[in-house]
Amino acid sequence: DTAVSQTPKYLVTQMGNDKSIKCEQNLGHDTMYWYKQDSKKFLKIMFSYNNKELIINETVPNRFSPKSPDKAHLNLHINSLELGDSAVYFCASSQWDRSNTEAFFGQGTRLTVV
Amino acid sequence: KNQVEQSPQSLIILEGKNCTLQCNYTVSPFSNLRWYKQDTGRGPVSLTIMTFSENTKSNGRYTATLDADTKQSSLHITASQLSDSASYICVVGASGGSYIPTFGRGTSLIVHP
């Protein structure tokens, strides 16, 4: 059983389109995250939800809107896609514990904007 | 500003050889340090975690060390295998306030036969 699953794995779309990436975790964790990994492999946190509540919102364009319908899901919707949005997006989950948090990552969604 | 610097950026070694990856951080107040392994096309997977009081931890052929005084960590890989080819990411967690881990840029390791 996949612990953190993202769909789709690959997404190719044109500039200006709106797209969504879905994420689900079956680990019973109460916290979920979205990370962006650029072409230089740098992982940067975008958002974090704890018990469906937004707790981390880094400097991300407001074209990106996360939605958490329940603790097991955190979807990422992107409006008006731009070329610079091309990257690999990782969903992750963890149990909220400030001293010892291990994040479990999904396999990533490779987004290519053309 | 919290930062994590890793070196080298990339490393190529022959199968069977040992190697050491470095991580320097300025995260404060320090909570824990984790090494992740990221295979190509996959998400990162945790290898080890160390807190302030721990200075070494092993996971099979992987041994991580931590010097909290100098704010340095290393990941030593013994008798490397082709499957060790991956990106190794150092992640440091801070305590107090909201918990936002700081990621290093990773070291890309290639093991050749």
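Structure's up top.
Residues numbered from 1 in each chain as written. Chains lettered and ligands numbered in written order. Predicted model: local features only at pLDDT ≥ 70, side-chain atom pairs only at ≥ 80, totals over all residues. Heavy atoms only, no water.

Q: In this structure, what is going on with the sheet that holds strand E1 (residues 4-7) of chain B? I would like to understand it.
A: Residue and element names in this part refer to chain B. Strand order in the open sheet made by the five strands is E1-E3-E8-E7-E6, with antiparallel pairing throughout. Pairing within the sheet leaves two strands with one partner each, and these edge strands are E1 and strand E6 (56-59). Looking at each pair of strands side by side, their axes are set apart by 15° on average, direction ignored. As paired strands, strand E3 (residues 19-25) and strand E8 (residues 72-77) are joined by six bridges and run antiparallel to one another. Bridge assignment links Leu21 to a residue of E8, and that residue is Leu75. (Pairing = 2+ DSSP bridges. Helix = DSSP H or I, 4+ residues; strand = E, 2+ residues; numbered from the N terminus. Axes fitted to C-alpha atoms, helices over the stretch in contact; angles between N-to-C directions.)

Q: Is there a simple way to think about the state of the cysteines in this case?
A: Two cysteines form a disulfide when their sulfur atoms are joined by a covalent bond. Residues and elements named next belong to chain A. In the structure shown here, the tally under the stated rule is two disulfides over all chains. With its sulfur 1.8 Å from that of its partner, Cys23 forms a disulfide with Cys91. One quick way to see it: the torsion about the S-S bond of Cys23 and Cys91 is about -75°, and its sign makes the bridge left-handed. Of this pair, Cys23 sits in strand E3 (residues 19-25) while Cys91 sits in strand E9 (residues 87-94), placing them 68 residues apart in sequence. Given a relative accessible area of 0%, Cys91 falls into the buried group. (Disulfide = S-S within 2.5 Å. Buried < 20%, exposed > 50% of the residue type's maximum accessible area, 1.4 Å probe, protein only.)

Q: In this structure, what is going on with the interface of chain A and chain B? I would like to understand it.
A: Many structure descriptions define interface size as the accessible area lost when the parts assemble. Each partner contributes residues to the interface: chain A has 21 residues there, and chain B has 21 residues. Interface area, chain A with chain B, both sides summed: about 1,800 Å², of which 53% is carbon and sulfur. Counting every contact that joins chain A to chain B gives two residue pairs in polar contact (both at pLDDT 80 or more). Those elements giving two or more residues to the side of chain A that touches chain B turn out to be strand E4 (31-37) and strand E5 (43-50) of chain A. Class assignment for the residues of the side of chain A that touches chain B results in nine nonpolar, six polar and six charged. (Contact = heavy atoms within 4.5 Å. Buried area = accessible area lost by both parts, 1.4 Å probe. Polar contact = N/O pair within 3.5 Å; in protein donor to acceptor, adjacent residues only side chain to side chain. Nonpolar A, V, L, I, M, F, W, Y, C, P; charged D, E, K, R; others polar.)

Q: Where do I start with the packing of aromatic side chains in this structure?
A: The relation between two aromatic rings is expressed through the spacing of the ring centres and the mutual angle of the planes. Tallied over the entire structure, the rule returns eight aromatic pairs over all chains. When the ring of Phe90 of chain A is compared with that of Phe105 of chain A, the centres are 6.4 Å apart and the planes differ by 85°; the resulting orientation is edge-to-face. Of this pair, Phe90 of chain A sits in strand E9 while Phe105 of chain A sits in strand E10 (residues 104-105), and the two are 15 residues apart along the sequence. On the accessibility criterion, Phe105 of chain A (11% relative accessible area) is buried. One aromatic cluster in this structure is built from Tyr33, Tyr35, Phe90 and Phe105 of chain A together with Tyr36 and Phe103 of chain B. The ring of Tyr62 of chain B has Arg61 of chain B sitting right over it, with the charged end atom 5.7 Å from the ring centre. Residue placement shows Arg105 of chain B over the ring face of Phe42 of chain A; its charged tip is 4.2 Å from the ring centre. (Phe/Tyr/Trp six-rings, centres within 6.5 Å; stacked < 30°, edge-to-face > 60°. Lys NZ or Arg CZ within 6 Å of the ring centre and 35° of its normal.)

Q: Help me understand the nonpolar core, please; the structure alone is not making it clear to me.
A: Across soluble globular proteins, nonpolar side chains show a tendency to be buried alongside one another. Residue and element names in this part refer to chain B. The biggest cluster of nonpolar side chains holds 25 residues, and the ones touching the most others in it are Tyr25, Leu33, Trp35, Leu75, Tyr88 and Val92. Residue assignment for this core shows that the elements contributing at least two residues are E3, strand E4 (30-38), strand E5 (45-51), strand E7 (62-67), E8, strand E9 (86-94) and strand E11 (107-112). Among the elements that take part in this core, E9 stands out by supplying five residues, more than any other. Look past the residues within four positions of Val92 in its chain and what remains in contact with it is Val4, Tyr25, Val27, Phe30, Asn32, Leu33, Pro101 and Thr102. (Core = buried A, V, L, I, M, F, W, Y, C linked by side-chain atoms within 4.5 Å.)

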